[in-house]
Amino acid sequence: MNLFLQEIPASERAPKTVQETPAPGKDPLIAHGLQKEQYIGIVGLAIALIAAVGFFSRRVEYAIGFAFFLSVILIAFFLFI
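Residues numbered from 1 in each chain as written. Predicted model: local features only at pLDDT ≥ 70, side-chain atom pairs only at ≥ 80, totals over all residues. Heavy atoms only, no water.

**Q** Any chance you could explain the pattern of salt bridges here in plain terms?
**A** Counted according to the given criterion, the structure contains 1 salt bridge. Of the charged contacts in the structure, one is a salt bridge between R58 and E61, with a shortest N-O distance of 2.8 Å. A residue pair is termed a helical-turn pair when its members lie 3 or 4 positions apart in one helix, as R58 and E61 do in helix 2 (residues 58-80) at 3 residues. Taking relative accessible area as the criterion, R58 reaches 49% and is therefore assigned partly exposed. Exposure remark for E61: the relative accessible area of 16% places this residue in the buried category. (Salt bridge = Lys/Arg side-chain N within 4 Å of Asp/Glu carboxyl O. Helix = DSSP H or I, 4+ residues; strand = E, 2+ residues; numbered from the N terminus. Buried < 20%, exposed > 50% of the residue type's maximum accessible area, 1.4 Å probe, protein only.)

Note that all results are geometric; they support no functional claim without further evidence.
In structure tokens form, the structure reads like this:
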């Protein structure tokens with residue numbers, strides 16, 4: 001008996017597609033638990049960037065801070081209109 005030519009039964013073959021139904025209202029492609037940590041990391045990076053720039057030039061630090069706060073105010077203004 002030649003094993004290379006032996007036909008494998010259909011029940012032992014791996015399925016070609018996996019049928020999986022996600023729970024209703026829960027998308028498996030969205031990471032729900034990471035959002036808080038991401039915001040903390042972004043704020044930490046922004047503070048580190050401003051501190052690093054401020055170490056070299058106080059004027060540039062003030063300009064970055066002013067631009068950031070002006071951006072936040074404008075974004076909030078346009079979101080609520």
